[in-house]
Amino acid sequence: MKILVINAGSSSLKYQLIDMENEQMLCKGNCERIGLEMGIFSHKTADGRSKKMEVPMKDHTAAFQQVREALTDSEVGVLENLDEVSAIGHRIVQGGALFSESVLVDEKVIEGIESLIPLAPLHNGAHVQGIRACQAVFGENVPEVVVFDTAFHSTMPPEAYMFAIPYEYYEKYHVRRYGFHGTSHRYVSHRCAELMGRPLEDLKLITCHLGNGSSITAIKDGKVLDTSMGLTPLDGFMMGTRSGALDPSVVTFIAEKENMTPQEMSELLNKKSGLLGISGVSSDDRDVTAAEKAGNERAILAHKMLVYEIKKFIGGYVAAMDGCDAIVFTAGLGENQSTHRHNICNNMTYLGLEIDEALNQEMVGGREGEISTPDSKVKVYVIPTNEELVIARDTRDIVSRLQK
């Protein structure tokens, strides 16, 4: 079974084709600048063949046409014909309270995703466009499955997901903590249990998805107890351009002083804050790291703040779970920034945590493994995430049940 995995954004469309016989990626690509005068299409196969070109893509349907042509292209294709695509799996950011698991796409499901657009205006609308475009290009006979970033977090108890605001806003608008990066936290938690040789249901894990967008999740007995992102991906700790959690009065104070609209305030907190806002250098951690090495005081402060906030979340989750068996680092920074991992894990003697610095330095560039010492009471792992594989597995399982 070959499954096409889709991650549609407002102006982009990422894809992977995965052969589920051996769970190997056959090809992957990206459609960028959809809707602009000229877009960029890139495609790469597992055996190294590639194609990159500028091409107009007025909408997501046009982008899918490029994907379709590339899959069967005489030079960079990996399929004889499109009939080999058994199913399509879509990543959906916000499933709200409607979807607690992956489901087969039908019109009612699409309407449900659309109804949640107010909770994820930049994402869910684009996902619906992607589903519609996929149906138009590949035909409605190819089954499609949607996998929700929020679904893995649906096990959180009310005391973790509720906000201390008047209850009527939960009833009227479903204002609550939903959490994000769920497919990533799900993948690395299961993989960590495999590496430890123990059932996930017997473990207390803290998974740290650290990238330009970041979140931390507490997983106890195989279920999410708490997670750092909230109603939107803005909550939690500082990220590339996001502020993370702050005193709500900061928002009203600045808005009043600067005469800013709610939209302008959202722009400030989502796109001008975080590492970028503090360092004044960049939202890219590599640039901030270079500035830090050059002695830039604001870059140094930005990294100190980031590490401090992450340590606080880890400590809080240890308290909430009454212990911790392992901490997992994943995503761009988690997988490649050994200095951050060292600083986060340093001075956690109360946990009996100790990392092997040589292993920590080596565990970059897609490597997977333990970086804690043999006698460390809390194990620490670096596990490259694979959200596409989670989506493909769910898609395979749902479609296989239909075919029985």
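Fair warning: this is a prediction, and the values are worked out from it, not measured in the lab.

**Here's the deal with the nonpolar core**
By size, the foremost hydrophobic cluster in this structure holds 34 residues, and its most contacted members are Ile-206, Ile-314, Ile-327 and Leu-353. Those elements that place two or more of their residues in this core are strand S9 (204-209), strand S10 (215-220), helix H10 (285-293), helix H11 (297-321), strand S12 (326-330), helix H13 (338-345) and strand S14 (379-382). Of all the elements, H11 adds the most residues to this core, at nine residues. Excluding residues that lie within four positions of it along the chain, Leu-353 makes contacts with Ile-327, Cys-345, Met-348, Ser-376, Val-378 and Val-380. Of all hydrophobic cores here, the second largest spans 31 residues; its members include Ala-160, Val-188, Leu-203 and Ile-391.

**A word on the pattern of salt bridges**
Between side chains of opposite charge, a pair can form as their charged atoms come close. Inspection of every chain in the model, using the stated rule, returns 16 salt bridges. Linking Lys-2 and Glu-84 is a salt bridge whose minimum nitrogen-to-oxygen distance equals 3.7 Å. With Lys-2 in strand S1 (residues 2-8) and Glu-84 in the loop between helix H1 (60-71) and strand S6 (85-92), this pair connects stretches of sequence that are 82 residues apart. Exposure remark for Lys-2: the relative accessible area of 21% places this residue in the partly exposed category. The closest approach of N and O atoms between Arg-286 and Asp-284, which form a salt bridge, is 2.7 Å. By relative accessible area, Arg-286 is classed as exposed at 65%.

**Here we look at the environment of Ala-294**
Looking at the element boundaries, Ala-294 is found in the loop between H10 and H11. With 101 residues separating them along the chain, Ala-294 and Thr-395 place their C-alpha atoms 48 Å apart.

**A short note on a nonpolar patch on the surface**
On the surface, Ile-165, Tyr-169 and Tyr-173 cluster together into a nonpolar patch covering about 300 Å² of accessible area. Inspection of the secondary structure puts Ile-165 in the loop between helix H4 (158-161) and helix H5 (168-173). Residue classification places Ile-165 among the partly exposed residues on the basis of a relative accessible area of 42%.

**With respect to the sheet that holds strand S4 (residues 39-45)**
Pairing between sheet strands relies on hydrogen bonds along the backbone, with the strands arranged either parallel or antiparallel. Read across the sheet, eight strands follow the order S5-S4-S3-S2-S1-S6-S8-S7 without closing on themselves; strand pairing throughout is mixed. If you trace the sheet from one side to the other, it starts and ends with strand S5 (50-55) and strand S7 (103-104), each paired once. The pairing of strand S3 (residues 24-32) with S4 spans six bridges and is classified as antiparallel. When the sheet's bridge partners are listed, Lys-28 is paired in S4 with Lys-44. Together, S1, S6 and strand S8 (144-148) form the strand contacts of helix H3 (residues 124-138), whose direction differs from that of S6 by roughly 165°.

**As for the pairing of S9**
Along S9, five of the six residues are buried, which leaves the element largely enclosed by surrounding structure. Here six bridges tie S9 to S10, and the two strands are oriented antiparallel to one another. Bridge pairing in S10 links Lys-204 to Lys-220. Between S9 and S10, which pair antiparallel one after the other, the connecting turn spans five residues. Inspection of the sheet shows S9 paired to S12 by five bridges, in the parallel sense. For Cys-208, the partnering residue across the bridge sits in S12 and is Phe-329.

**Some thoughts on the packing of helix H2 (residues 107-115) against H3**
At a closest axis distance of 9 Å, the pairing of H2 and H3 adopts a crossing angle of 155°. Overall, the two elements H2 and H3 adopt an arrangement that is roughly antiparallel. Along the contact surface, H2 presents Glu-107, Ile-110, Ile-113 and Glu-114, while H3 presents Asn-124, Val-128, Ile-131, Arg-132 and Gln-135. Considering only residue class, the contact of H2 with H3 consists of four nonpolar, two polar and three charged.

**Here we look at the packing of aromatic side chains**
Applying the stated criterion to the full structure yields eight aromatic pairs. On the numbers, 6.3 Å between centres and 10° between planes, the contact of Tyr-15 with Phe-41 is stacked. Of the two residues, Tyr-15 sits in strand S2 (residues 13-19) while Phe-41 sits in strand S4, which places them 26 residues apart along the sequence. Here the aromatic cluster, defined as three or more aromatic residues joined through ring pairs, consists of Tyr-161, Tyr-167 and Tyr-170.

**With respect to the pairing of S12**
For S12, a buried count of five out of five residues is recorded, marking the element as mostly surrounded by other parts of the structure. Where S12 lies against S14, four bridges are found, and the strand directions are parallel. The residue bridging Phe-329 from the neighbouring strand is Val-382, located in S14.

**Let's talk about the side chain of His-43**
Here His-43 shows up in strand S4. Its relative accessible area of 2% is what places His-43 among the buried residues. At a separation of 2.6 Å, a polar atom in the side chain of His-43 contacts the side chain of Tyr-15.

**Observations concerning the packing of H11 against H13**
Between two packed helices, both the angle of their axes relative to each other and the distance between the axes serve to describe the pair. Their axes nearest at 9 Å, the elements H11 and H13 cross at an angle of 50°. With respect to each other, H11 and H13 are oriented oblique. Considering how the two elements wind past one another, H11 and H13 form a crossing that is right-handed. Across the interface between the two elements, His-303, Leu-306, Val-307, Ile-310, Lys-311 and Ile-314 of H11 pack against His-340, Asn-343, Ile-344 and Cys-345 of H13.

Conventions adopted
- Here the residue index of a chain counts from 1 through its sequence in written order.
- Only residues with pLDDT of at least 70 get local features here, since the model is predicted, and only at 80 or more are side-chain atom pairs given and counted; chain-wide, interface and lining totals rely on the full set of residues.
- Calculated side-chain values reflect all of the structure's heavy atoms, with hydrogen atoms and water omitted.
- Among buried residues, the Ala, Val, Leu, Ile, Met, Phe, Trp, Tyr and Cys ones that are joined through side-chain atoms within 4.5 Å form a nonpolar core.
- Here's how the labels work: a residue is buried when its accessible area is under 20% of the maximum for its type, exposed when over 50%, partly exposed in between, all with a 1.4 Å probe on protein chains only.
- Secondary structure elements are defined from DSSP: runs of H or I of at least 4 residues count as helices, runs of E of at least 2 residues count as strands, and each element is numbered from the N terminus.
- Two residues qualify as a contact provided that any one of their heavy atoms is within 4.5 Å of a heavy atom in the partner residue.
- By salt bridge we mean one thing: a side-chain nitrogen of Lys or Arg within 4 Å of a carboxyl oxygen of Asp or Glu.
- Here the term patch refers to residues with relative accessible area over 30% and no salt bridge, with like charges joined within 9 Å and nonpolar side chains (Val, Leu, Ile, Met, Phe, Trp, Tyr) within 5 Å.
- Areas reported here follow the Shrake-Rupley algorithm with a probe of radius 1.4 Å; residue values treat only the protein chains shown as occluding.
- The criterion for strand pairing is that DSSP finds at least two bridges linking the strands in question.
- Axis definition: a line fitted to C-alpha atoms, limited for helices to the stretch in contact. Angles are taken between N-to-C directions and run from 0 to 180 degrees.
- Each angle receives one of four descriptions, namely roughly parallel if under 35 degrees, roughly antiparallel if over 145, roughly perpendicular if within 65 to 115, and oblique otherwise.
- In this count, Pro and Cys sit with the nonpolar residues alongside Ala, Val, Leu, Ile, Met, Phe, Trp and Tyr, while Asp, Glu, Lys and Arg are called charged and the others, Gly among them, polar.
- Only Phe, Tyr and Trp rings are paired, with Trp represented by its six-membered ring, and only when their centres lie within 6.5 Å; those with planes under 30 degrees apart are stacked, over 60 edge-to-face, the remainder tilted.
- For this analysis, a polar contact is any N or O atom pair within 3.5 Å, provided that within protein one partner can donate a hydrogen and the other can accept it, and provided that sequence-adjacent residues contribute only side-chain to side-chain pairs.
- Less than a right angle of anticlockwise turn of the near helix away from the far helix marks a crossing as left-handed, whereas a clockwise turn marks it as right-handed.

The quantities given are spatial measurements derived from coordinates; they are silent on function.
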